[in-house]
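Each chain, letter by letter, is given below.
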Amino acid sequence: MSSVTLSATPNGNGYQANIVFANGVEIASAKTYPTIADAIAGAAMTLLNMPERLEALDDEVRVD
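Below is a summary of the structure that appears in this document. Computed from a predicted model, the values in this text were never measured in an experiment.

Within the secondary structure layout, Asn18 lies in strand β2 (residues 14-21). Only 3.4 Å separates the side chain of Asn18 from the backbone oxygen of Gln16, close enough to count as a polar contact. Ignoring any residue separated from it by four or fewer positions in sequence, one finds Asn18 in contact with Thr5, Leu6, Ser7, Ala8, Thr9, Ile27, Ala28 and Ala43.

Quick look at the structure:
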């Protein structure tokens, strides 16, 4: 099963958005967001703007 974790990590005066894929690939934002909610939303928007990553998730769970 594939999974993607979106999280927010304290960074300076705000929060950094993080995306972690089940295969161990991690992406952290360079941008700092003012709230946890904003950081999670930013991570979600980043993920949605990477259709190749989403397609790769489908390929991982596809059974022929």
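Counting buried positions along β2 yields six of eight residues, so the element is predominantly enclosed. Bridge count between strand β1 (residues 4-11) and β2: eight bridges; the pairing is antiparallel. From the neighbouring strand, Ser7 faces β2, where its bridge partner is Asn18. In this antiparallel pair of consecutive strands, β1 and β2, the connection spans two residues, and Gly12 shows a positive phi of 65°. Note: β2 against strand β3 (residues 26-33), five bridges, orientation antiparallel. Residue pairing in the sheet places Gln16 in a bridge with Thr32 of β3. Taken together, β2 and the strand that follows it, β3, pair antiparallel across an intervening segment of four residues, in which Gly24 is found at a positive phi of about 100°.

Criteria and cut-off values
- Throughout this description, residue numbers start from 1 for each chain and increase along the sequence as written.
- Where totals are concerned, whole chains, interfaces and linings use all residues; where local detail is concerned, this predicted model gives features only for residues with pLDDT of at least 70, and gives and counts side-chain atom pairs only at 80 or more.
- Excluding hydrogens and water, the side-chain figures rest on all heavy atoms present in the structure.
- Numbering of helices and strands starts at the N terminus; helices are DSSP runs of H or I of at least 4 residues and strands are runs of E of at least 2.
- Polar contact is the term for a pair of N or O atoms within 3.5 Å; when the atoms are in protein, one must be able to donate a hydrogen and the other to accept it, and sequence-neighboring residues count only if both atoms are side-chain atoms.
- We call two residues in contact whenever any of their non-hydrogen atoms come within 4.5 Å of each other.
- Burial classes follow relative accessibility: with a 1.4 Å probe on protein chains only, a residue under 20% of its type's maximum area counts as buried, one over 50% as exposed, and anything between as partly exposed.
- When DSSP finds at least two bridges between two strands, those strands are taken to pair.

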